[in-house]
Amino acid sequence: MKNGVMMQYFEWNLPDDGTLWKQLKDDARHLHDIGITAVWIPPAYKGTGSNDVGYGTYDLYDLGEFDQKGTVRTKYGTRQELQEAIAELHRHDICVYLDAVMNHKAGADRTEKCMAYPVDPDNRDQPLAEPYEIECWTGFDFPGRGDKYSSFKWHWYHFSGTDRNEADEKNGIYQIVSEGKAWSIGVDTENGNYDYLMHSDIDLNHPEVIAELNRWGIWVARELELDGMRLDAIKHMNDQFVRQFLTTVRSELKRDFYAVGEYWKEDLTALEEYLGHVDYELDLFDVGLHYNFFQASQAGREYDLRTLLDGTLVRNHPTLAVTFVDNHDSQKGCSLESQVEDWFKPSAYALVLLMREGYPCLFYGDYYGMDGTPSPHRGTIDTLLNVRRHYAHGEQELYFDHPSTIGLVRRGDDKHPDSGLALVISVGDEGDKLMNVGTQHAGEVWHEVTGNRSETLTIGPDGNCVFPVSGGKTAVWVKKPEEEQQAT
Ligand code: CA
C-alpha cells in the first residue's frame, strides 16, 4: 500500500501578504515529488482581518471573494488563487483537507441585546451574577457578501456564550440566557464545561445552526472539491453535532470524505471516549505522542525511551491516529506552546515517518521554517520521506528495550525492491542495537542515510546486525544501492 503523508501547509507566523495559495500552487509538483499525498490547508475563509490566521472566523462563505473586514483576500490570498492551488494539487494526486472552524465566530457587524450572566472562567457552570441584559457582538449580516451562497444571518440566539458586554465595556465569559439554552453536553469537562473557548461560541444544539453548518459543509466541499477536513476545536463542540455533520456531508457528497479532529488533550482515555461517542467517524491527532516527543526533548538523557509510545493513540488505535511532531499551536509563542527541541526533531520525524502505524502529518514550520527563519530539518525530512516511500515496508519489529537507545526494523516486502530498514534513536551516549532485519537481507551491505554515521554494515546470515547510533541522534540504515555494494 501507499505510504501516505499529510502536510500541514502553514505555520502561525506567516506574513500577511496573501501569497500562500500562489506558493502552494507553485509547490504542488515538488510536494508530490517528496511524497506528500495530502495537504491540510489553513482556514480559508474571512476572519477578523487580512492578518487573521483564520481561527477568528467571520464568514465561512467568504473564501477571499468579498470586500469584508477591510479586505477581499484572506491572509493567504483570493478565492481564485485558492481554487487554482487546489486544482494543481489534484493534478499531482494530492488530497486537500480544509481547516473547518465551527466552534465560534468573531468580528460581528453589530451588537445586539440579550440576557446573559458572567460565569467563573474556571468553572463555567458557576454563575457570577443573576441574568441581566448585555450588549454583545453577535449580529452577523455580511454586508459585503449579502445573500450570495447563503442568506443566513447570525443573531444572539445562535450562540451560547460571548466574551464582552459592550454596555459596560467589560470582558468575561457570558453565558447567553434563553429558553432551553445551556452550555452543550458532549464537550470536554475541563473548567466544569469546556463548551466555551473564545469569541462568540456557536450554539451547536440550535436547529437553525445545525442546518446552516451542514449546508456550508456540503457547499464548501463541492465548491472547493475538497477531499476532507481538519475539524478545529472539537473538544469544545457537541460531539453529536460533529458526528451528524460528517455523516450528513458524506451522504450528500456520495464519496469518501476524510476527517481528522483536533481534540487537544494528552489523556488517552478522553480521546478513546470521544472516538466512541462519534462512532469512529474521524481520526484524531495523536496529542499524547506529541507531548511524549516534547518531554523527551526536554528531559534528554533522563528520558526513558521505552515509554515513548505509552499513552499514545498510535499504539492503542493505530488506524485512527494522525501522528505529528509539532503544529501551529505548539510552536514557540503560541497558545499550546510545547515545541519539540531541535535536537530531537529528526528522531521524532524518523519514528512517525518510518513506523508502520499512524498517518503522519508534516508541519510546514519544520520543513520550511517559522517566522521567516528557514528550518534546519528540511534536508533530513526529505531523506526520511524518501526512506518512507522506498524502504518503510513490510513486517515491523520494535526494540524498545533500553532507556536511552531504542530501535525498530521494517523487514521489507516483495512489492518494493530492496525495501527494509533499521532505525535507532538515542537520547544518551553513542550506542548500538542488535536487531534482526530478516534472512532475506543476509549478506547485504547497508549504510546510514541521515548523515550521522559513515561506516557500512553487513547483515549476518541469520538477518542479525548490530546497528550503531551516535549519542543523542537518530540513525536510519537501509541497503546500500547495488552499484555501491562493494564500496568501503
Ligand atoms: Ca463551543
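Just so you know, these numbers come straight off a predicted model, no measurement behind them. (Residues numbered from 1 in each chain as written. Predicted model: local features only at pLDDT ≥ 70, side-chain atom pairs only at ≥ 80, totals over all residues. Heavy atoms only, no water.)

Engineer: Account for the sheet that holds strand S18 (residues 396-399), naming residues and giving values.
Structural biologist: Consider a sheet: its strands pair through backbone hydrogen bonds, and that pairing is either parallel or antiparallel. Pairing within the open sheet is antiparallel, and its six strands lie in the order S18-S19-S20-S25-S22-S23. Of all strands in the sheet, those with a lone pairing partner are S18 and strand S23 (456-458), marking the two edges. Direction aside, the axes of adjacent strands within the sheet are offset by 20° on average. (Pairing = 2+ DSSP bridges. Helix = DSSP H or I, 4+ residues; strand = E, 2+ residues; numbered from the N terminus. Axes fitted to C-alpha atoms, helices over the stretch in contact; angles between N-to-C directions.)

Engineer: Describe the side chain of Asp329, with residues and values.
Structural biologist: Within the secondary structure, Asp329 sits in the loop between strand S16 (321-324) and helix H8 (345-354). Although Asp329 is buried, it makes no salt bridge; Arg230 carries the closest opposite charge, 4.6 Å away. Polar contacts involving the side chain of Asp329 include one to the side chain of Ser335, which spans 3.5 Å. Excluding anything up to four places from it in sequence, Asp329 contacts Trp12, Glu262, Cys334, Ser335, Leu336 and Glu337. (Buried < 20%, exposed > 50% of the residue type's maximum accessible area, 1.4 Å probe, protein only. Lys, Arg positive; Asp, Glu negative; His and termini not counted. Salt bridge = Lys/Arg side-chain N within 4 Å of Asp/Glu carboxyl O. Polar contact = N/O pair within 3.5 Å; in protein donor to acceptor, adjacent residues only side chain to side chain. Contact = heavy atoms within 4.5 Å.)

Engineer: Lay out the sheet that holds strand S2 (residues 38-41) in plain terms, naming residues and giving numbers.
Structural biologist: Spatially, S1-S2-S5-S13-S14-S15-S16-S17 is the arrangement adopted by the eight strands of the closed barrel, whose pairing is parallel. Each neighbouring strand pair of the sheet contributes to a mean axis angle of 25°, computed without reference to strand direction. Bridge analysis of S16 against strand S17 (residues 359-363) gives three bridges, and the strand direction is parallel. Note that in S17 the partner of Phe324 across the bridge is Cys361. Helix H4 (residues 239-253) contacts strand S13 (228-231) and strand S14 (258-261) of the sheet and is inclined by roughly 170° relative to S13.

Engineer: I'd like to hear about helix H5 (residues 268-277), residue by residue, with values.
Structural biologist: Regarding H5, the residues found buried are Leu268, Ala270, Leu271, Tyr274 and Leu275. Buried residues of H5 fall within an arc of 160° about the axis and therefore sit on the same side. If you follow the buried residues of H5, they end up packed against H4, strand S15 (283-285) and helix H7 (313-316). For H5, the N-terminal cap is Asp267; the gap from its side-chain oxygen to the backbone nitrogen of Thr269 is 3.1 Å. After H5 finishes, the residue Asp279 shows a positive phi value of roughly 55°. (Arc of directions from axis to C-beta.)

Keep in mind these values describe shape, not function.
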